[in-house]
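Chain by chain, the residues run as shown.
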Amino acid sequence: MSSGPVDATEASTAATRPPWDPRGWSKIGKVIGLLALAIAVLIIALILLSGGQDSDVAEKTVTTAEVTQQNLVERETVSGTLGFGDSQDLVSQVVGTVTRTADEGDKVTRGEVLWRVDQDPTVLMYGNVPAYRTLSQGLSGRDVNQLEKNLKKLGYKGFTVDREYTSGTADAVADWQRDVGLPDSGVVTLGQVVFEPGAIRVSQVLSPTGNQVQLGSAVLNVTGTAREVAIDLDTADQSLADLGDSVVVTLPDGTDVDGEITSVGSVATGGSGAATGLGGGEQTTEATIPVAVTLDKPGLAKQWDSAPVDVALEADRADDVLTVPITALLALAEGGYAVEVVAEDGSRTLVGVDTGLFAESRVEVTGSGISAGTVVVVPTT
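Residues numbered from 1 in each chain as written. Predicted model: local features only at pLDDT ≥ 70, side-chain atom pairs only at ≥ 80, totals over all residues. Heavy atoms only, no water.

Caption draft 1: Looking closely at the sheet that holds strand S6 (residues 113–117). Pairing is mixed in the open sheet, where five strands are placed in the order S8-S7-S6-S4-S10. Each end of this open sheet is capped by a strand with a single partner; those strands are strand S8 (193–196) and strand S10 (212–213). Relative to strand S7 (residues 120–126), S6 runs antiparallel, the two being bridged by four bridges. Considered in S7, the bridge of Val117 is made with Asp120. Strands in contact with helix H3 (residues 142–153) are S7 and S8; relative to S7, the strand with the most contacts, it is inclined by about 95°. Packed onto the sheet, helix H4 (residues 167–180) meets S6, S7 and S8 and runs at close to 125° relative to S7. (Pairing = 2+ DSSP bridges. Helix = DSSP H or I, 4+ residues; strand = E, 2+ residues; numbered from the N terminus. Contact = heavy atoms within 4.5 Å. Axes fitted to C-alpha atoms, helices over the stretch in contact; angles between N-to-C directions.)

Below, the structure is given as structure tokens:
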């Protein structure tokens, strides 16, 4: 049974309406949409909440530092060479065949044998006057005095340490000669003793065993025993090196060792046009002065006989000043600097400061309310 005629327009519209038309959404689709919107809102809220917590953590982990009162030293680094100082040749004062020498690297001290010629020893003694004559009873002088000092140090007795070579001195000399294997004549002839200011180190054997030596033949090349650093300092930098200044020496393995300038030369060497380059042209060189540095802890450098090192010389200093880390400085828009001071209650205040010497990653500062122990903010990157 027919329900009645269908309107032509309504039939046409129904036939062309797409199945996904929103007007046809079911109640389930609307519920899904609302749930998706709620989830999106929740995610945004969590992100915002997380950001707020990070800010709180940042507030609680601000890096700070205290203002310190100290000496501040600015240094300039130059190149140096670790070694044993200047070397010199020790020569024979007799003619004959070398039958024994100390070895390279040996340390020779008072009373020890340096070498033997025809089996007769040449012995080291300490003194500033070189052996230049035969010493015997009746003579006097500084060389006699230093001989007697050495005999006394070596344990010989029966004489007075003065400038006179007495019979007592001769008896002590004879005892010493018997002990070292020399004829016990009581007379010290040339070649039996070499006088040096102190202990020495053999850097090179110049006349090995079996060599024939004449008067004046070099037998050993020697240095002092203390490790030191030699610097050829440009004369333009001469103001950096004063006798007694403290320095920092960086060894080949990176270890820093404190040292002291113990010698500053007074004669410059080299200079512009002193050398000839390839092609015959003049090569510009700087005039230099020799500077010697003694290490406070030479044992830290014992593994090197010779090595290049860096030496930090004092260029400027400020004693007993207030300092902060350089990174604590804040540049002001109107010019100058400030630091951010943290009070006991945690509040912060910008305080303008005047700066002085910059050195060692710190800077000298003065300002109202700035004192040793004041806490300042150190911005982190």
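Caption draft 2: Geometry of H3. For H3, with 12 residues, the first-to-last C-alpha span of 17 Å sits near the 16 Å given by 1.5 Å per residue. Looking at the buried residues of H3, the elements they touch are S7, H4 and S8. Gly155 lies just past H3 and shows a positive phi near 100°. (Expected span 1.5 Å × (residues − 1).)

Caption draft 3: Representation of a negative patch on the surface in the model. On the surface, a cluster of negative charge is made up of Asp103, Glu104, Asp106 and Glu112. As for its position among the elements, Glu104 is in the loop between strand S4 (96–101) and strand S5 (107–108). (Patch = residues over 30% accessible without salt bridge, like charges linked within 9 Å, V, L, I, M, F, W, Y side chains within 5 Å. Areas by Shrake-Rupley, 256 points an atom, 1.4 Å probe, with all protein chains shown as cover. Salt bridge = Lys/Arg side-chain N within 4 Å of Asp/Glu carboxyl O. Lys, Arg positive; Asp, Glu negative; His and termini not counted. Charge placed at Lys NZ, Arg CZ, Asp CG, Glu CD.)

Caption draft 4: Here's a closer look at empty space enclosed by the protein. In the structure shown here, the tally under the stated rule is two cavities of 30 Å³ or more. Of the volumes computed, that of the largest cavity is approximately 80 Å³. In terms of lining residues, the largest cavity is bounded by 15 residues, among which Ala131, Arg133, Leu135, Val188 and Phe195 are the most central. By volume, the second largest cavity amounts to about 30 Å³. Forming the walls of the second largest cavity are Val91, Ser92, Gln93, Val94, Trp115, Thr122, Gly191 and Val194. (1 Å grid on protein atoms, 1.4 Å probe; cavity = no way out; pocket = protein on both sides within 12 Å on 5 of 7 lines; lining within 4 Å. Points joined across faces, edges and corners; volume = space filled by probe spheres on them.)

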